[in-house]
Amino acid sequence: DTAVSQTPKYLVTQMGNDKSIKCEQNLGHDTMYWYKQDSKKFLKIMFSYNNKELIINETVPNRFSPKSPDKAHLNLHINSLELGDSAVYFCASSLSDRAANYGYTFGSGTRLTVV
Amino acid sequence: AQSVTQPDIHITVSEGASLELRCNYSYGATPYLFWYVQSPGQGLQLLLKYFSGDTLVQGIKGFEAEFKRSQSSFNLRKPSVHWSDAAEYFCAVGGRNTDKLIFGTGTRLQVFP
């Protein structure tokens, strides 16, 4: 009965590889997000989708490509991984795209390590 | 510029002691304020939120926070800390109908027995 679930929990990969992280929510929320948490715990928004439509696309390298097949799923694909991509990636959801009115529900994170 | 500052990177308290974690924000409109807690290896869990009304808000796990507009602060408090409260705490701000939250850099709480 997990509300926001991410897979995998840990991902170790070599530089130059392509990898994907999957996220699913069963809350019936309309909006989903990807956040990156760096080694200093700083949380930075990357993308958000509302009902499968991209609404936030922060300054992120175009090696990162989100995909939302339906409003319950938001995946993150990363091409040509670099050492600086090592971080914890959090998926989150909100009732609507007016996120501040409701707050987020977060997944437990995916720790990506690029070697 | 919109921002959240958590001045204390790391706080250590003894179990049973009182706790106050500081949060200052800069926001051009009426702020909506949040506190989240992140236990090791876990995602962030909402502790409490403030939108309007009573400036003292109660949250889960015995936490409360007070909104002080004149000081642009939203400090988190707990009268008696338990060892299980050891975690990272994040303050966040947004505005009515805005599409994202801005997070502070977090305060790591360590609890000694």
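What you see is a predicted model; the values in this text were computed from it and never measured.

Trainee: Sorry, what's going on with the side chain of B:Q38 here?
Mentor: In this structure, B:Q38 sits in strand 5 (residues 31-38). Assessed through its relative accessible area of 7%, B:Q38 is described here as buried. Only 3.1 Å separates the side chain of B:Q38 from the side chain of A:Q37, close enough to count as a polar contact. Discounting residues that sit within four places of it in the chain, B:Q38 has contacts with A:Q37, A:F90, B:G43, B:L44, B:A87, B:E88 and B:F90.

Trainee: I keep staring at the packing of aromatic side chains and nothing clicks. Help me out?
Mentor: Given two aromatic rings, one states the distance between the centres and the angle between the planes to describe the pair. Evaluated as defined, the whole model comprises 18 aromatic pairs over all chains. Measuring from ring centre to ring centre gives 6.3 Å for A:F64 and A:Y89, while their planes differ by 35°; the resulting arrangement is tilted. Of the two residues, A:F64 is situated in strand 7 (residues 64-70) and A:Y89 in strand 9 (residues 87-94); the sequence distance between them amounts to 25 residues. Taking the relative accessible area as the measure of exposure, A:Y89 reaches 0% and is therefore buried. Measuring from ring centre to ring centre gives 5.8 Å for B:Y36 and B:F103, while their planes differ by 50°; the resulting arrangement is tilted. Placement of B:Y36 in strand 5 and of B:F103 in strand 11 (residues 102-103) is noted, with a sequence separation of 67 residues between them. Judged on exposure class, the residue B:Y36 and its partner B:F103 are both buried. Members of the aromatic cluster, connected to one another through ring pairs, are A:Y33, A:Y35, A:F90, A:Y104, A:F106, B:Y32, B:F34, B:Y36, B:F51 and B:F103.

About the thresholds
- Every chain's residues receive numbers from 1 upward, in the order its sequence appears when written.
- Naming scheme: in the order in which they are written, chains are lettered from A and ligands are numbered from 1.
- Where local features are concerned, this predicted model is filtered to residues with pLDDT of at least 70; where side-chain atom pairs are given and counted, the filter is 80 or more; whole-chain, interface and lining totals use all residues.
- Note that the side-chain values use all heavy atoms of the structure and ignore hydrogens as well as water.
- Under the scheme used here, helices are H or I runs from DSSP no shorter than 4 residues and strands are E runs no shorter than 2 residues, and both carry numbers assigned from the N terminus.
- The buried label goes to any residue with under 20% of its type's maximum accessible area, the exposed label to any with over 50%, and the partly exposed label to all in between, with areas taken from a 1.4 Å probe on protein chains only.
- Polar contact is defined as a pair of N or O atoms within 3.5 Å, subject to the rule that within protein one atom must be able to donate a hydrogen and the other to accept it, and that residues adjacent in sequence are counted only when both atoms are side-chain atoms.
- Every residue pair with non-hydrogen atoms within 4.5 Å of one another is taken to be in contact.
- Centres within 6.5 Å are what make two rings of Phe, Tyr or Trp a pair, Trp counting through its six-membered ring; a difference in plane orientation under 30 degrees is then read as stacked, over 60 as edge-to-face, and the rest as tilted.

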